[in-house]
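Structure at a glance
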Amino acid sequence: MLNVIKFKRIRRAYLAAFLVPSMAVIFLFFLFPVVLTLLIGLTDMTFSFEWHWVYLDNYFQMFSDRWAPKILFNTLFYVFSTLALFNFGTALLISLITNHINEKVGAVFRAIWLLPRITPSTVYALMWLWATRDEPTALFNWILTGLGLKPVRWLWYNPPINWLVVIAVNGFVGASFGMIIFTAALKSIPEDYIRAAKVDGASGWQLVRYVELPLMKWPLMFVAAYQTLSLLTSYEYIFLVTNGGPGLYTTEVWALYSYHIAFSQYAGGGRLGYGAALSTILVAIGLIMSVIYWKLFRFRELMIEPKIED
Amino acid sequence: MDEWYSLRKLKLARIKRFLSAFVLYSILILLTMPIVLMYLMLFLQSISDELIGLIPRRLTLENWYFLANGYIKVPGTAGTYYPNFYLVAFNTFLLAITVGCLEVLLASLAGYAISRYKFKGRSQLLALILILHSFPGITLLIALFYVLNMIGLYDTLIGVLIVKVALDLPLGIWIMKGFFDGVSWDIEMSALVDGCNRLQAWWKVVLPSVRNGLMAVLIFGFLSGWSEFIYVLTFISSQKYWTLSMLVKALTSEEFVYVSPGVTAVAAVLYMIPVVLFFLFAQKYLLRIQIAGKGAL
Amino acid sequence: MVKVKLVDLHKYFGKVKAVVGLNLTIDDGEFVALLGPSGCGKTTTLLMIAGIYKPTKGYIYFDDVIVNDLPPKDRNIGMVFQSYALYPHMTVFDNIAFPLKLRKEPKQEIRKKVREVAELLQISELLDRKPGQLSGGQQQRVALARALVKEPNLFLMDEPLSNLDAKLRVTMRAELKRLQKQLGITTIYVTHDQVEAMTMADRIAILNKGILQQVGRPEELYDKPANLFVAGFIGSPPMNFVECSLNQKGDDYFLEGEGINLKVNREIGKIIVSSGVSELILGVRPEDLEIGRAPDTQSITGEVYVLEPLGRDVIVNVKVGNNMLKVLAPQGFKASPGEKVALKLKMERMHIFDKRSGKAIV
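This is a predicted model, so every value here is computed, not measured.

Check the secondary structure of chain A and you find 13 helices and 0 strands. Going from the N terminus to the C terminus, chain A shows its helices and strands as α-α-α-α-α-α-α-α-α-α-α-α-α. Taken over C-alpha atoms, the radius of gyration comes to 24 Å for chain A, far larger than the 19 Å a tight globule of 310 residues would show. Principal-axis analysis of the C-alpha atoms gives chain A an extent of 70 × 70 × 30 Å. Among the 310 residues that make up chain A, the fraction classed as buried is 48%. A separation threshold of at least 6 residues defines the contact pool for chain A, and within that pool the share at least 24 residues apart is 66%.

Let's shift gears to the environment of Ile161 of chain A. Residue and element names in this part refer to chain A. In this fold, Ile161 is placed in helix H7 (residues 161-187). A tally of 15 C-beta atoms within 10 Å means that Ile161 is categorised as partly exposed. When near neighbours in sequence (up to four residues on either side) are disregarded, Ile161 contacts Val152 and Trp154.

All names here are of chain C. The sheet built from 6 strands is open, its strands ordered E6-E7-E8-E3-E9-E10 with mixed pairing. If you trace the sheet from one side to the other, it starts and ends with strand E6 (77-80) and strand E10 (211-216), each paired once. This sheet shows a mean twist of 15° between the axes of neighbouring strands, independent of strand direction. In terms of strand pairing, strand E3 (residues 31-35) meets strand E8 (residues 186-191) through 5 bridges, oriented parallel. Bridge pairing links Val32 to Ile188 in E8.

The next point concerns the interface of chain B and chain A. Facing the 82 residues of chain B at the interface are 81 residues of chain A. Per-element accounting of the side of chain B that touches chain A gives the leading share, 13 residues, to helix H1 (residues 7-46) of chain B. Residues belonging to the side of chain B that touches chain A are distributed by class as follows: 62 nonpolar, 16 polar and 4 charged.

This paragraph deals with the sheet that holds strand E1 (residues 4-13) of chain C. All names here are of chain C. In spatial order, the strands read E2-E1-E4-E5; together these 4 strands make up an open sheet with antiparallel pairing. The open sheet has two free edges, formed respectively by strand E2 (16-26) and strand E5 (65-66), since each of these has just one partner strand. Direction of pairing for strand E4 (residues 57-62) relative to E5: antiparallel, over a ladder of 2 bridges. Pairing of Tyr61 across the sheet is with Ile66, part of E5. Helix H1 (residues 42-50) rests against E1, E2 and E4 of the sheet, and its axis sits at about 115° to E1.

Residue and element names in this part refer to chain C. What the domain assignment lists for chain C is domain 1 (4-233) and domain 2 (240-354). Computed from C-alpha coordinates alone, the two centres of domain 1 and domain 2 are separated by 40 Å. Contact residues are listed per partner, giving 4 residues for domain 1 and 4 residues for domain 2.

What follows covers helix H2 (residues 92-102) of chain C. For H2 of chain C, the full list of buried residues reads Val92, Asn95, Ile96, Ala97, Phe98, Pro99 and Leu100 of chain C. In this fold, the buried residues of H2 of chain C make contact with helix H8 (191-200) of chain A together with helix H3 (107-120) and helix H4 (136-148) of chain C.

The next subject is the interface of chain C and chain B. Listed by partner, the interface residues are 10 residues for chain C and 8 residues for chain B. Split into classes, the residues belonging to the side of chain C that touches chain B amount to 5 nonpolar, 2 polar and 3 charged.

What counts and how
- Residues numbered from 1 in each chain as written.
- Chains lettered and ligands numbered in written order.
- Predicted model: local features only at pLDDT ≥ 70, side-chain atom pairs only at ≥ 80, totals over all residues.
- Helix = DSSP H or I, 4+ residues; strand = E, 2+ residues; numbered from the N terminus.
- Rg over C-alpha atoms; globule rule 2.2 N^0.38 Å.
- Buried ≥ 20, exposed ≤ 12 C-beta atoms within 10 Å, placed from the backbone.
- Contact = placed C-beta atoms within 7 Å.
- Pairing = 2+ DSSP bridges.
- Axes fitted to C-alpha atoms, helices over the stretch in contact; angles between N-to-C directions.
- Nonpolar A, V, L, I, M, F, W, Y, C, P; charged D, E, K, R; others polar.
- Domains from an automatic or database assignment.

So, in structure tokens, the structure goes:
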């Protein structure tokens, strides 16, 4: 009898040894901050970290914040444009094309498209900043003038061109996610279907439209959903390239606004409370969508689960 | 009538095939060009004094001279405006390697337990991990800022380390769990029968069988730590703790005024090279992880 | 309808030579089987004819036009795959209609043709279902329908019956043959099952390791195999092979080997001598051996090893020297293991092969 209890205690001890380190870290620095964000959002905390409760005042302030509507619009515009043009659109295009041409060549192109994602963000931003400078010696304007066109002021006081740059900067990184998933999906279509369709008389485009795309329904939905959340909450590249400008919030998105409110001197910074409230909205959306993914795409995650067999 | 097979048909088919290949390749090249050109530009700038578009005015290696002692000189000032390059590189490496190692350790411990043990709340834990790994961690920046300050880990690399590990762990655990699921019970059983306790069996027998997974998580963690920017920006205030991401950002913002673009390019290239090399050699690991993971954007 | 001609066809995958120097003509309306073991190149050849693989060397003619560069969609072929390859996301109707839809035929026409073909193959009730809801046999008919609906000039089939159960296979064999005769479409049929090939094809092309072994009508391959491979592949139970050599004693020729002392007639003897081959292999089919008790110079002596009754016949395993020969005996044959028996064979039913090259001498 005693042995059984002792065995159970030992077992529990080992289990703890295995789980506790990870769980402690995740709890303290992941789960707890989720709740904390909500709580801080109910205060008007500053860098002195005082818990001064203002409850829902921050949220009311969002409605009267003169920049909020513009930033909200920016955010939605940014998310859906980048998704349609790059993270989804270009990703699909690249994976379809590289799958229909010579495999080795296709693999090289896909490898190039992975470069933006793996390059450290500040280096990547550096390249874009240099390429989009106003001088005719900068890369893009150099090409334009070489073609006989006039140089463009890519980033400065030139909407919607600066938006184009912001979308492209994020898009070239974002496209590789969809590209990988779509490519995997395409390669998993049994060869016989492709052969049968070719014999039936399908041209390349008909093959894509009637056979490949219909068989890719789930990956298409997954990428669209996943990337939407990703774009909604990302701001690193915008921060590095335009910092929400030029001028007042022309390319500012919601997540970046929260960051500026909290940490930037110029935006009347140090307002952790208001910033947290802004973040809470994103956190809530993030939680809801993550749960939805988990429910809907559980099996898809299992499929994507890496199985590296040598 | 039934003229199915004619030379005319053949010619048409040939033309059609050429045209479609032309269109496909054109689109592909047009889309991919910007990337290629920009990387070319960066590399060329590192070995030139000034670039006109993609053409160097003069090829030179003087941009690389600062590597003699690591100090980036600012013309017109006597002092060292920027932290020493080697110090920054070391910080970056230190952060990256500890992130990788810590992630491997914690993820393989937890992944093993979830894979092997049945306990109350196991499926809930699994669900939590799945939900967390698609959750965008950077929304928690303010709360993390608060926590680090409270614990006294603000302005330390350890703070950044723990935050990175915490946010990467759900993915790492998921990966390791997957690997452990694929290891058969037999070798463990024989180890346990031979007298090992659970931890010893895990260390001596099970871990070696999931070497690929360990490598994958290590590499992923290393690269994640190496490229980190936002957390370093927000949680570090002393220059002596800067990582290369901060240095490159500083050089970018202030170049042409203080530092030549050539030097900036060198710093950027050196920062980027390890990642590209890793990528080339460890491709299969990385690709799979990026799919499941928070490659962020 | 089309006449297909393969001229010096080669297909290499890197270092692997899947098809080597294949020359074959398939006449208009003919049913030709490509027969051989796995990996012999028959499916590769079929895929080249379909246009899915491009030949490494050589030419494919459709009616005297070289079609090497013609894409599959322009070749007007109907093909049935071993896996059927029915589009899982489309209904049976849409699957069958697909080739017509791709040709942008008007909806009325499509509906009419699909119904006709469905009638022909007796699957009219299945048109609304999805492939996943069908049995193997039904899927196969849908695959056939899809291949036929476009009224192809050439009909290609890659082991279409191998995923069906034995009974269904036998039924479908007859049906496919009848269908082909009725429609008169040139057909090329790939299989590894020699019974299928023998029963269905007008002519059979046997391949091994990418090389054509022999082409001919089923009876030709059966009666006059060109080499060891063909002899051993065609016929069930397979031909018996025994090593031997020819000895001349005066005017008489004898085949001698373990347990064998056979007198052969002079013409045969002279042919063998003139071929210059000394190491021979004697081949004789189980059904061409008669079991008796009295040995003579026309028979092989051996010992009964075991009997395998099949119901209709009995397969008698006879030990001759170190070889085991199988003999087909009539129903009711009885013998006990160890009994000495004499196997009589007819000169005309005997085959002699060169041991080294495998080629048939007689």
